[in-house]
Structures are given as structure tokens and as C-alpha cells.
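Residue-level listing of the chains:
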Amino acid sequence: MAKIQRIFQSLIVLSLLLGLNAQPLSALARKAEAAPAPRQTTQEIPDTYELVAENETFQLYANRDTLAFKAVDRRSGYVWHSNLDEVTPEDKLNKTWTAFASSGISIDYLDQKAISKRASITNAEQSIDFKPTGDGFDALVNFLDPAISLLVSVRLEPAGVSVEIPFASIQEQSEDFKLGLLHVYPFLGATKGDLIPGYMFIPDGSGSLIRFSAETKAKNMFYGKYYGVDLGMITSLPFDPKTKRSYRISVPVFGMAHGDQEHAFLSIVEKGASYGEITAHPSGVTTLFNFIYTSFTYNQSYFQATNRSGAGVTTLQQNTNQFDVKIHYRFLSGQDADYVGMAKSYQQYLVDKGDLQRISDSDSDIGIKLEFLGSEKEKVLFWQRSIPMTTIEQMRQILSDFGARNLEVVYYGWQPLGASTMPPKTLKVEPELGNLGDLRSLVEEISSNGGNFHLYYDPQAALMEEKGYSPRYDLAMSITNFNLVGYNRSKVNYYLNFNAIRNHFASLSQDVYAEAGIGLALDSLGSVLYSDFKRDNLLNREQAIASYQSLLQENPGAAAFYIPNDYMYPFMQAYYDMPLNDSGYIYTHETVPFLQIVLAGYVPYYGTALNFSSDMQDDLLRHADYGVYPAYFLTHELTAKILNTRSSWIYTSSYSQWGQEIQQTYQWLNAILAPVMGQTIVSRKELAAGVYATTYSNGKHVIVNYNDQPYTAGELVVNGKDAVIVEVLP
């Protein structure tokens, strides 16, 4: 009877779809390329699954034995499978992979020698207490051999399905084993080879697609820790100014699309992202399947040196990482089932949480970020002296010459002796740059013309070999009892513990925010996340996020962030150094503007300094394509003066050299992007190879031609390496 009812429900859905398909297309859709016919999607649900929840949009079925679920999208009849129900010899999966693919969750557990072993529901001795809840199910899973148990809660939501694993439910009942990794529904939406067209989306850089293919050049899976690696576990990042590091993953999401605007889902980690890691597996790497999921780290091994010669032992961290897990899987259908729809879904999620607020931009011109180096220092005999590169008066003259409104101005190296010294706890400007009265006067002029002024500040950095902090009390420490070491802007630094950050930030921000019109351009605080193992200052990554958020709530003021992680979005008034591409991994196929679509209409975002670009023309085209405002790093003086300082990375910045280029660049981009200021992005289409059209909520379209040859469609002509804005798509 249940089977007949399911078939009947599928027929109803199919009938509704046929009726919907008979409706006339919108005017915009008529002008666009016809969408492909949706693939046949009605499928029979196996008898091993039971209906545990349903709403207007979805039905949720669950398997008591494996905790697998199937979500039926009533809009299309499409069924999302969380697992493989059957494995054939052609799938070429061994027993371990078969169990992994057919189990809702799997764990990797560690013995006292830090040797890891995997247990999946379908290949391990376990007991499951399964309870339907009306809107989903709860399942208490007990893996018997390692004596590790946890609660899995699956719920049906208006947008899809959520999965929760509360930390309080995790029990490690044997002293011999610890929970290492938790793998959550790794085969949700998995496809085999290129049998289904589509792609996996990863939030690398601005966004990146891994298209389904039968073969790949990659030899390994993609692994990406949300918010980057934990310095607390690895101690240091090697300093090499010639190496371009991969982008840090700043948003805890990924996605998968089946077909072209047919069916897709977006995964959002709401809780536990600081210990989460994306694993993306293209077909041809180990298995024939494309799959992507998040795993969570509760315990890991590390090498502890026992003497100065480097001898030591591999051991386990003493305390299990404490965090709850909550993941939302938001299912998308039809025109929303692509990376644009994923970005819009994430945008709506952030809006619903209150993390994004619409901007009301009445200016007729776009912004431009101009960051100035104020001062740097050099050693002369036994003392240091300041090298003024842009005084406050010189900055005023440059801004006056530029003449634009809506400027985003950042002052770097404003503190006594300049950029390579620790900032003071109160607002003090290097005397050779001017005084506070000069600064106030400049800020007033910028504000009266619709602009913003920020002082650059990296609250986490304790510059190596500099004064301004206590090496004994103020520095964070790794699990191996060493100070954390990293670098930023070619300067090597330690990292402050939270108590030191709080004391310094509270003091300086109070002084800065008391000045009308002055904000802080915050570097690292929104992007570098580390645990601290120093005694009396213990802080894991989840606690660090909560601490940083509380710090900003307690010290409110205008703040812009450099490449911030999503947990800083509620405090962000501008986004700096917006990525224009991805990291260039061998298995990715296309860069997409996911981040830009998420933030468009809510936060102004600015690219990296164009005067440091290695391909100015293509970067400008991406600015137009992605809706990114331009940025430059400037000085009044020639950079020859700082060749032998820590700011030698600023190799070309003199306004006398760049002024005309900046004017031309701004005028070109302003003509294209000003008509869509404050608008959200609603779609992005490839009109032809290398030609993209981005559509905004006010109906205007930006068309970018990356090719050398002109693009022609009817009366529209877009010259090679150019962009235009139009009212109607060809």
C-alpha cells in the first residue's frame, strides 16, 4: 500500500509539472537561451525507507539501519539520495568504500598510538536507537568497538534538510580510543563519472567549479579547512614572499548541481565550521564517483619534540575539541539550481540571521579604495628614524587632485615610526606626517564628500623584534608549547593571545571611534583563526570566534575587513581585497563570482590593489563582470625610499606615476557599475565562449567580453577585452 501511495504522489507531482511547463515564459526568459528540458526525475522509494516528515516543498524518507535519507523535491519530483543503496561490480568500490558510501555517518577513531581506524554504520558493530520525531528523526548511534556514541538529529526544513550532532551527546567511553573525525553524509548527491552533467562548487577564492567528468588530471582529493589551518596545531606558517598561498576558505559552504538549472543543493555549516573541512572527490581519484562533504575534527595527533636534537613522539591532543555540529542542506530547483542560485540561497540565509543588511546608496558614483602608506622606518646607527612616504597634507592634495566622491581611504603606517612598529594603545600619529588636527580636518573633508576614512590595524600581530607587547604574557602558544608564528605584508610576526588583543583593541578603538568619521580597517582579526594552548589562556577556535564577536559588540564603530570570514559579516561595513579568481587547483574548471553575488547590494566590496596586478586588463574586466570596486595602494614619494625596509613589497605606488591611470580606470568602471550600485545580482550567463552577462535586480545587464575579438549579437557589439551595460539582453 505504501508503495502504491508513493507512486501516486509522484504522478501528482509530474502532472503539476506538466501544467507548470505549459505556462508562458517571461519576457526576459524569451530573450535568453531556452533552458534544457528537465530530466525524468520521478523515482520509486525503496521499501527500506519510511516517510518521517513532509511539508509543502519536500518529503523526507529515512532508513533506520543506515541513517540514509531521501529528500523528494515536490516542485520537480527529483529525489536527492544521501547514500548509495546498491553497489555493483562496475562501481569498483572495495568493502571500506562501499560501507562509507552506504552509511549516513562514519567516524575515524584513534588509539593511544595515534593510529586511525574508520568505522561506518554498515561495516561496524553498532547499535542504533532510531526515533521518528514528526519533522524528521533522532538516532543515537553507538559504535561498539571503540565505545564511541553520538546523537544524529535530522530535520526537514522549509528549504531542505538539517543535520545536527550535539557535542553533549558524544560519549568516549573507553580510555583506549578517541573520536578523530566525523564524516557527515559524504555521498549526498553523489554522481558517477559524467553520467549526469553538472559540477561541484567549492568556496575557493571568489568561487570555483569542479565539473563532473569521467577522468581527471588530479591525483588527490581537494581538502579545505574552513577558515584556514589552525596555527595552534601547526605552530607556524613558513615565510616565503615568492610563494602565493592558496586562498583561505572564508565561508563554510559548498554545493552541487545536477544538470543546467535543473537540480542543485547548497550545504551551509551553521555550527562547528571552525573544525570543519571540505572534502571534494572528483571522479577518477580513488573511486569513479563525484562527491563532496564536510568532516569534523574532534581529536588529532601531533609531533611533540622531546629534546633539542629533534627526537620526539607522535601523541594525541589532551582535550577533545568541543563544538556542536549543524548543517543545512538547501535544495534548489529550476532556474535557481546553479551557482548563482546557491549564492542567492546563502545570501538569504545570512539575511534571515541578521548578518547582512541592505545598503541604501544614493550616490551616483561607485567607490574607490585608496590606501596610503604614511611612514616606514629605517635603522641609522643605533636608532630608528621615520621615512615619511605620504603626509596628511600630501594625502589631501592627492585626493583633491583625484576629485571623486564616495572615496574609501585607508591610512597604513600612521603610527609613530610607521608601518613596522606596533600601533599604540591611543591615537598617536607619526609627527612627521602631521598632527591630529590635520587628520581631523582631512577626515571631515572626506566625509562631507560621501567618503569613509579608516586607519589600518592588525590587532592580532605582535611584530617580531618590536616593542609594544610582553613576550612572556601576551603571546598565544601552540599545542607544542611554542609561540605561533606567521606573516602579513611581508612582516614576520607572533600572534597575541585574546587577553592582549582585547586590552589593546578596547583602548585604541575607544580613542579612534571617539573621533568623528574615523573607522578601523581590520586585518587578520576577521580572517586568521587560531586556538591557544597557553596555560590560563586556553581558547579553542569556536571560543575564539565568540570572543572576537563579543569584542566588536563591546567596542562598536565603523569597521572594514580584509578578506573576512563569514562570522565577521555582521560587523563589516566594507570588504577589502575581494578575490577575483580561485587558487588554480588542477581539478577546477571555472572561477565564478559566488562571494560577490552573496554580498552584492549588501556590502560594498573592493578588489586588491590594481597597481600590483600582473594582468591589469583582465583584472579590470573581472571587476566589471563581478561588480567589484577598484583599489590602489599609493604613496606620495617614490618607492626607492623604502627599498631597504620591511615595506619593500610596495614596489610601485607613487601617485605621480599612477594618477592618470587611476583616473582612466575609475571613469571606465564607474560608467559600467554606477547604474547598478546597491543592486543585487540575480543571474549570470555565458552568452558565448568568453562572454558573460550579469543581470542586476534593477533589470540592467553588464556584458563582459574576455576575448580579443568583438562579440556581436543583433545590434549589440562588445569590443574585444571590453564591457558594456545594457537595458536588454540580446
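Preceding block: the structure.
Everything numeric in this text was worked out from a predicted model, so none of it was measured.

Chemist: Sorry, what's going on with the overall build of the protein here?
Modeler: Along the backbone of the protein there are twelve helices and 43 strands. Relative to its length of 730 residues, the protein is compact, with a C-alpha radius of gyration of 27 Å against a globular reference of 27 Å. Expressed along its principal axes, the backbone C-alpha trace of the protein runs to roughly 85 × 75 × 45 Å. Taking all 730 residues of the protein together, the buried fraction comes to 57%.

Chemist: Is there a simple way to think about helix α12 (residues 655-673) in this case?
Modeler: Residues three or four positions apart in an α-helix share a direction because the helix packs 3.6 residues into each turn. For α12, the principal kink sits at E661 and spans about 25°. Those residues of α12 that sit buried are Y655, W658, G659, I662, T665, Y666, L669, N670, I672 and L673.

Chemist: How should I be thinking about the sheet that holds strand β30 (residues 485-488) in this particular structure?
Modeler: Ordered in space as β29-β31-β30, the three strands form an open sheet in which the pairing is antiparallel. Since the sheet does not close on itself, it has two edges, and those belong to β29 (461-463) and β30, each with one partner. The mean inter-strand angle of the sheet, taken between neighbouring strand axes irrespective of direction, is 50°. Note that β30 and strand β31 (residues 491-495) share four bridges and pair antiparallel. Bridge pairing in β31 links G486 to N493.

Chemist: When you look at the environment of K353 in this model, what are you seeing that I'm missing?
Modeler: Here K353 is to be found in helix α5 (residues 339-353). Assessed through its relative accessible area of 45%, K353 is described here as partly exposed. With 217 residues separating them along the chain, K353 and P570 place their C-alpha atoms 9.5 Å apart. Only 3.4 Å separates the side chain of K353 from the side chain of D355, close enough to count as a polar contact.

Chemist: Mind showing me how you'd approach unusual backbone geometry here?
Modeler: Not every positive phi belongs to a glycine, and L67 is a case in point at roughly 65°. Relative to the helices and strands, L67 resides in the loop between β2 (58-62) and β3 (69-73). Of the residues examined, L67 reaches a relative accessible area of 0% and is grouped as buried. Residue K92 is not a glycine yet carries a positive backbone phi of 55°.

Chemist: I'm lost on the packing of helix α8 (residues 498-513) against helix α9 (residues 541-554) in this one. Help?
Modeler: Orientation of α8 relative to α9, taken along the N-to-C sense of each, is 15°, at an axis distance of 11 Å. Relative to α9, the element α8 lies roughly parallel. Note on packing geometry: the crossing formed by α8 with α9 is right-handed. Here F498, I501, R502 and F505 of α8 come into contact with α9, specifically with S547, Y548, L551 and L552. In terms of residue class, the contact of α8 with α9 is built from six nonpolar, one polar and one charged.

Chemist: When you look at α5 in this model, what are you seeing that I'm missing?
Modeler: The first and last C-alpha atoms of α5 sit 21 Å apart over 15 residues, in line with the 21 Å expected at 1.5 Å per residue. Those residues of α5 not exposed but buried are Y339, V340, G341, M342, A343, S345, Y346, Q347, Y349 and L350. Regarding α5, its N-cap is D338, as a side-chain oxygen of that residue lies 3.2 Å from the backbone nitrogen of V340 further along. Positive backbone phi, at 85°, marks G354, one or two positions downstream of α5.

Rules of the game
- Residues numbered from 1 in each chain as written.
- Predicted model: local features only at pLDDT ≥ 70, side-chain atom pairs only at ≥ 80, totals over all residues.
- Heavy atoms only, no water.
- Helix = DSSP H or I, 4+ residues; strand = E, 2+ residues; numbered from the N terminus.
- Rg over C-alpha atoms; globule rule 2.2 N^0.38 Å.
- Buried < 20%, exposed > 50% of the residue type's maximum accessible area, 1.4 Å probe, protein only.
- Bend = angle between axes of the 7 residues up to and from the residue.
- Pairing = 2+ DSSP bridges.
- Axes fitted to C-alpha atoms, helices over the stretch in contact; angles between N-to-C directions.
- Polar contact = N/O pair within 3.5 Å; in protein donor to acceptor, adjacent residues only side chain to side chain.
- Parallel < 35°, antiparallel > 145°, perpendicular 65-115°, else oblique.
- Left-handed = near helix turned anticlockwise from the far one by under 90°.
- Contact = heavy atoms within 4.5 Å.
- Nonpolar A, V, L, I, M, F, W, Y, C, P; charged D, E, K, R; others polar.
- Expected span 1.5 Å × (residues − 1).

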